[in-house]
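# What the coordinates show
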Amino acid sequence: MARRGAAALALALALLAVVLAGVGAQGAALQAPDYYVQETWSREPYYARREPEPEPFSPPLPAGTGDGEREPRPPEPRPPKKATKPKKAPKRDKLAPETRPPGKNSNRKGVRTKSSEKAANGDHSVPVARGDVSKGCPPLGLETLKITDFQLHASTSKRYGLGAHRGRLNIQAGINENDFYDGAWCAGRNDLHQWIEVDARRLTKFTGVITQGRNSLWLSDWVTSYKVMVSNDSHTWVTVKNGSGDMIFEGNSEKEIPVLNELPVPMVARYIRINPRSWFDNGSICMRMEILGCPLPDPNNYYHRRNEMTTTDDLDFKHHNYKEMRQLMKVVNEMCPNITRIYNIGKSHQGLKLYAVEISDHPGEHEVGEPEFHYIAGAHGNEVLGRELTLFLMQFLCQEYLAHNARIVHLVEETRIHILPSLNPDGYEKAYEGGSELGGWSLGRWTHDGIDINNNFPDLNTLLWEAEDRQNIPRKVPNHYIAIPEWFLSENATSFAVIQLVAYVVATRLSATRLDRLVAFSTVWVLPSVYLSCHVTYSSVFPVAVETRAVIAWMEKIPFVLGGNLQGGELVVAYPYDMVRSLWKTQEPSPTPDDHVFRWLAYSYASTHRLMTDARRRVCHTEDFQKEDGTVNGASWHTVAGSLNDFSYLHTNCFELSIYVGCDKYPHESELPEEWENNRESLIVFMEQVHRGIKGVVRDFHGKGIPNAIISVEGVNHDIRTASDGDYWRLLNPGEYVVTVKAEGFTSSTKNCMVGYDMGATQCDFTLSKTNLARIREIMEKFGKQPISLPARRLKLRGRKRRQRG
């Protein structure tokens, strides 16, 4: 028995040794840098490679941590200026990382180091070229809303509007900052026990953290340093180490510029927590953030596989700089030379050509009876998703045309499509340098000379409305084709954007920087009505951009019928008017005479988008557009003077809408396939709407087309005109309409035109006969004589009588 007991004891000890050895081996594997970062340092996108399948684990707690981590600590208002230099690591294979020290060397603020050799001198961080975020692990999706509100938790919060669900990178505050929609997560207390955490809901290889301060016009709140902790169960936490001590990451030095900190060694876990250690002296603990990480594959989890978006389209899913954009256009043109043409409409302030691609069965010429359509993207250079979607669209149309897709072939053969991917290439290049996560909310938004192109067009609304209020006295202003003011056409013209501010701005003596931010802010988000209580007016003078002039000339040359300008930062379709009619209001419904048509056009895009009309989706920032099914009247959202939409409607025949294609202005490269799937059907359906309503040709009795004939629809106080060949297109909803055509020198003609529910415009041609006076003039001119003008004849006779009397 003694021998059996000894043998059993020996066997038990042996088994214990094996178990401990296995645990040690697993821990060694998890601690080895190569285990985590082979994928991070490879140049292939993470979704293009097969990953090893690590076994789930709970990060081991180091001695002295656990409950002790929550013990009160002395205040640490500032992180250490310089971290202890780590010992040089032995040379490794290229895929192995170097351990980064904490502090300033561990973050990069927007601008990336272009040369690793240049930054290596005196800097212990590992510099990475532009685009490293896209080449490593992507964002988890706080900004894109892939991470739901239920996955965000915090120790405390000041109030609901500053809860953990508001701690998303680039989230914007509401017009009243004390409501449900504020601009960050803010802790309820300013102490070292506060935290905000993300539940990735699956094992994830965390590689970095991006932080911002609170978005606010009036308050300055940001975190200047923090710790990072990970966990598998949200109870036991492991702090990211730098050698033997906890690593302190340096945070923000102001509230808007994003700061990236990469973990010295990627950590595999389910939860990640940020623990602020110091914050701005005169502020509070407030932050917005994004987490970089690669979700590890879990083939047994049906939930994750069901929610993964894939696309079957073989497109170039990447971000394209200016050179790459031109090259892609060339590739499309070479693939489909019979239906594509590349041209430019002008140049940017920096001299970059504004390239467009025409897609039609007869590129380069306007065909009688074929409507013209356009997509414009990149008016704001940092709203990159629209730019990439238009590039994907031209590839898709070419490929599907070659594949004999009947729907696309019909669209191309019956429509002349123009795609202008980048109206503001100067701004885009600035945003591209910052990258998809580090550009912030506004880097690259404006042109090189600081102009917002989208609001840089002449204000024709005021001319029309003032004339209507005066009942067209002293002169009549037409309800269409309103002439551009002469001062706007001069070379040194400036457009006056009148922005109403409250006397508070003067009373509080805002600094020039904060005043400039307020002005910039007011052009994007409407100012609160309280600002208007004293009727203080601030006039900001902006020159007319060369890009604006190029678009105006382009739209005057081509008879566009329908157009969409793709923007970002929201998920909604906005239709005109964009400017309120009441003088002292900033939000007010301001419908056009064609409001019912614009509503349908907006809904046609929103209803076919995968997310716009989804009642379950979270709002991007502050506005819930679900009450109007993902659409909104521009003026009821925020007033804008001189918008592209209003200008197109009042100066040309074109019905223009603003399509906001995503909450994230500059999504990560890995998000592009899903964004394409979200918008693909909508982009095509919206183009097809150009064939809704009536169309026709206005001719004389000799069969010659009459240009500039006016097409009026009874009950709609907005007319359109025929093109140079006498053809026209009038967008209308289904119904019966009384249509009248007038032209100078011709008698008017009226007929009933029926618009059906089937796709395809109703043909409604007109033949006009000349007036008697026009016929007399034609006969007199034919025989070299001028028609008699009775008033001139009378004056001539009176002159003779006076001379005879004298």
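None of the values given here were measured: they were computed from a predicted structure.

### Here's the deal with the sheet that holds strand β12 (residues 340-347)
In space, the eight strands of this open sheet follow the order β12-β13-β15-β14-β18-β21-β19-β20, with mixed pairing throughout. Sheet topology places β12 and β20 (631-633) at the edges, where each strand pairs with a single neighbour. Neighbour to neighbour, the strand axes of the sheet diverge by 25° on average, direction disregarded. Taken together, the six bridges between strand β14 (residues 372-377) and strand β18 (residues 560-567) define a ladder with parallel strand orientation. By the bridge assignment, E372 is partnered in β18 with F560.

### Describing the side chain of D199
Mapped onto the fold, D199 is located in strand β4 (residues 196-212). A distance of 2.8 Å separates the side chain of D199 from the backbone nitrogen of R201, its partner in a polar contact. Within polar-contact distance, the side chain of D199 engages the side chain of R270 at 2.7 Å.

### A word on the pairing of strand β26 (residues 735-742)
In terms of strand pairing, strand β23 (residues 710-713) meets β26 through four bridges, oriented antiparallel. Its bridge partner being in β26, S712 is matched across the sheet by T740. With antiparallel pairing between neighbouring strands as the criterion, β26 and strand β27 (residues 749-755) make up a hairpin whose turn holds six residues, including G745 at a positive phi of roughly 90°.

### Examining unusual backbone geometry
Cis peptide bonds are those with omega within 30 degrees of zero, and the linkage from P576 to Y577 qualifies with 0°. Structurally, Y577 is set in the loop between β19 (570-575) and α15 (595-606). Even without being a glycine, N170 presents a positive backbone phi close to 70°. Tracing the chain through its elements places N170 in the loop between β2 (152-154) and β3 (185-186). The backbone of N708 sits at a positive phi, close to 60°, despite the residue not being glycine. Positionally, N708 belongs in the loop between β22 (694-699) and β23.

### Points about the side chain of N461
Secondary-structure assignment places N461 in helix α10 (residues 461-469). Not counting residues within four places of it along the chain, the set of residues in contact with N461 comprises Y577, M579, D646 and L650.

### Here's the deal with the packing of helix α8 (residues 406-414) against helix α18 (residues 672-688)
Here α8 crosses α18 at 45°, and the two axes come no closer than 11 Å. Judged by the angle between their axes, α8 and α18 are oblique. For α8 against α18, the interelement crossing comes out left-handed. Contacts between α8 and α18 involve R407, I408 and L411 from the former and E681, I684, V685, M687 and E688 from the latter. Split by residue class, the contact of α8 with α18 holds five nonpolar, no polar and three charged.

### Observations regarding the packing of helix α7 (residues 384-402) against α8
Where α7 meets α8, the axes come as close as 8 Å, and the angle between the chain directions of the two elements is 110°. On the basis of the axis angle, α7 is roughly perpendicular to α8. Where α7 crosses over α8, the handedness of that crossing is left-handed. Contacts between α7 and α8 involve F396, L397, E400 and Y401 on the former and, on the latter, I408, V409, V412 and E413. Its residues assigned to classes, the contact of α7 with α8 shows six nonpolar, no polar and two charged.

### Focus on the confidence of the model for the protein
Here the protein averages 79 in pLDDT, while 73% of its residues score no lower than 70. Contacts of residues 15-58 to residues separated by more than four positions or lying in other chains number 66 contacts, the stretch itself having pLDDT below 50. Scored below 50 in pLDDT, residues 496-540 shows 81 contacts in the model against residues more than four places distant or in partner chains.

### A closer look at a nonpolar patch on the surface
A surface patch of nonpolar side chains, amounting to about 230 Å² of accessible area, comprises V331, M335 and L402. Mapping M335 onto the fold places it in helix α6 (residues 322-335). Among the residues examined, M335 registers a relative accessible area of 38% and is labelled partly exposed.

### Focus: a positive patch on the surface
On the surface, a cluster of positive charge is contributed by R794, R798, K801, R802 and R805. With respect to the helices and strands, the residue K801 is situated in helix α20 (residues 790-805).

### Considerations on the pattern of salt bridges
Considering all chains together, one arrives at 32 salt bridges under this definition. Of the charged contacts in the structure, one is a salt bridge between R214 and D221, with a shortest N-O distance of 3.2 Å. In this structure, R214 and D221 share a single accessibility class: buried. A salt bridge links R407 to E681; the shortest N-O distance between them is 3.0 Å. A residue pair is termed long-range when its members are at least 10 positions apart, and R407 in helix α8 and E681 in helix α18 qualify at 274 residues. Accessibility expressed as a relative area gives 33% for E681, which makes it partly exposed. Each of the salt bridges in this network shares a partner with another, and the network as a whole consists of R159, D182, R214 and D221.

Conventions adopted
Residues numbered from 1 in each chain as written. Predicted model: local features only at pLDDT ≥ 70, side-chain atom pairs only at ≥ 80, totals over all residues. Heavy atoms only, no water. Pairing = 2+ DSSP bridges. Helix = DSSP H or I, 4+ residues; strand = E, 2+ residues; numbered from the N terminus. Axes fitted to C-alpha atoms, helices over the stretch in contact; angles between N-to-C directions. Polar contact = N/O pair within 3.5 Å; in protein donor to acceptor, adjacent residues only side chain to side chain. Contact = heavy atoms within 4.5 Å. Parallel < 35°, antiparallel > 145°, perpendicular 65-115°, else oblique. Left-handed = near helix turned anticlockwise from the far one by under 90°. Nonpolar A, V, L, I, M, F, W, Y, C, P; charged D, E, K, R; others polar. pLDDT = per-residue confidence, 0-100. Patch = residues over 30% accessible without salt bridge, like charges linked within 9 Å, V, L, I, M, F, W, Y side chains within 5 Å. Areas by Shrake-Rupley, 256 points an atom, 1.4 Å probe, with all protein chains shown as cover. Salt bridge = Lys/Arg side-chain N within 4 Å of Asp/Glu carboxyl O. Buried < 20%, exposed > 50% of the residue type's maximum accessible area, 1.4 Å probe, protein only. Lys, Arg positive; Asp, Glu negative; His and termini not counted. Charge placed at Lys NZ, Arg CZ, Asp CG, Glu CD.

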